[in-house]
Amino acid sequence: MKAVVFDMDGVIFDTEKAVIEVWQEVAARHGIPNIEYYCRECTGVTAVAARQKFMEIYGDRYSYDELRAEKTGMVMDRFRKGLIDIKPGAHTILETLKENNILIALASSTRRAAVIEELTMTGLIEYFDEIITGDMVTNSKPAPDIFLKACDELGVAPQDAVGIEDSYNGIISSHKAGLYTIMVPDLLEPTEEIRQMADYIAEDLYEALKIIIERIDNGC
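Let us look at the structure shown here.

The rules behind each value
- Every residue gets a number counted from 1 within its own chain, in the order that chain's sequence is written.
- Given that the model is predicted, a residue must reach a pLDDT of at least 70 before its local features are reported, and side-chain atom pairs must reach 80 or more before they are shown or counted; all residues, however, enter totals for whole chains, interfaces and linings.
- Side-chain measures were taken over the full set of non-hydrogen atoms in the model, leaving aside hydrogen atoms and water.
- Strands were regarded as paired on the criterion that DSSP finds at least two bridges between them.
- We count a stretch as a helix when DSSP gives it H or I for four or more residues in a row; a strand needs E for two or more, and each element gets its number in order from the N terminus.
- Crossovers are marked right-handed if the path from the first strand over the helix to the second runs clockwise, as seen with the strands pointing away from the viewer.
- Any two residues having at least one pair of non-hydrogen atoms within 4.5 Å are treated as being in contact.
- Angles shown run from 0 to 180 degrees and are taken between the N-to-C directions of axes, each axis being a line fitted to C-alpha atoms and, for helices, limited to the stretch in contact.
- Here a helix's expected span is defined as the number of its residues, less one, multiplied by 1.5 Å.
- Throughout this description, buried means an accessible area under 20% of the type-specific maximum (1.4 Å probe, protein chains only), exposed means over 50%, and partly exposed covers the range between.

### Re the pairing of strand β3 (residues 130-133)
For step 1, the next point in the chain: When strand β2 (residues 103-108) meets β3, the two strands line up parallel, connected through four bridges. Across the sheet, the residue bridging to A105 is E130, located in β3.
For step 2, the next point in the chain: Remark: the β2/helix α6 (residues 112-121)/β3 crossover connection has right-handed handedness.

### Focus: the sheet that holds β2
For step 1, the next point in the chain: Strands sit in the order β3-β2-β1-β4-β5-β6 across an open sheet of six strands; the sheet is parallel. Strands with a single pairing partner mark the edges of an open sheet, and in this sheet they are β3 and β6 (200-201).
For step 2, the next point in the chain: Here four bridges tie strand β4 (residues 161-165) to strand β5 (residues 180-183), and the two strands are oriented parallel to one another. By the bridge assignment, G163 is partnered in β5 with T181.
For step 3, the next point in the chain: Running over the sheet, α6 touches β2 and β3 and is turned about 140 degrees from β3.

### Some details on helix α4 (residues 64-80)
For step 1, the next point in the chain: Compared with an ideal rise of 1.5 Å per residue, which puts 17 residues at 24 Å, α4 spans 24 Å between its outermost C-alpha atoms and is within 8% of the ideal.
For step 2, the next point in the chain: For α4, the complete set of buried residues consists of Y64, L67, K71, T72, M74, V75, M76, R78 and F79.
For step 3, the next point in the chain: Buried residues along α4 sit against α1 (16-30), α2 (35-41), α3 (47-58) and α6.
For step 4, the next point in the chain: In the segment just after α4, G82 is the residue with positive phi, at about 70 degrees.

Spelled out as structure tokens, the structure:
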């Protein structure tokens, strides 16, 4: 086991709940119904895929680009004010992987500019050997592209890497790419289908680290 590839939102940062709250504020301001369904459908996907889903649900009744810009500005404002927490165990798992010379990558569907800013603001960017974002791949999660690219950039085979995800789309993506897949549930509990795709379901990042260390010790 040579590398660990992390999702960001919902795994490293406690952002999923904040994003839904912000979308609810934006939706209330503009009279957009059933925004919670849209948020669930778009957890873990790229901006392009999220835009397509929005158009499928709402058509051209609203300006998605304006709404998304409003939402993004509000989320980034929360980051700058320190209102979005780093998930428990994130510092510990990243530090321990570094100490054990395990390569670390990020595979986030979020656009690169936002990812770099968030990681820089929180001081976590130094841990990552590679950062792959949604605007660097053609196909969004649940396609395997982003995890395959992360492994390629790290120079490791997918079967020699662990993927850590919280969303259904992310679990499917990591599984399809051939990584040992650990789910750390955030807002979504695993379905039976997701349980079959995840190699392990951890309560938090501390437990995920324990499983990774066991794989290192066993030469897996």
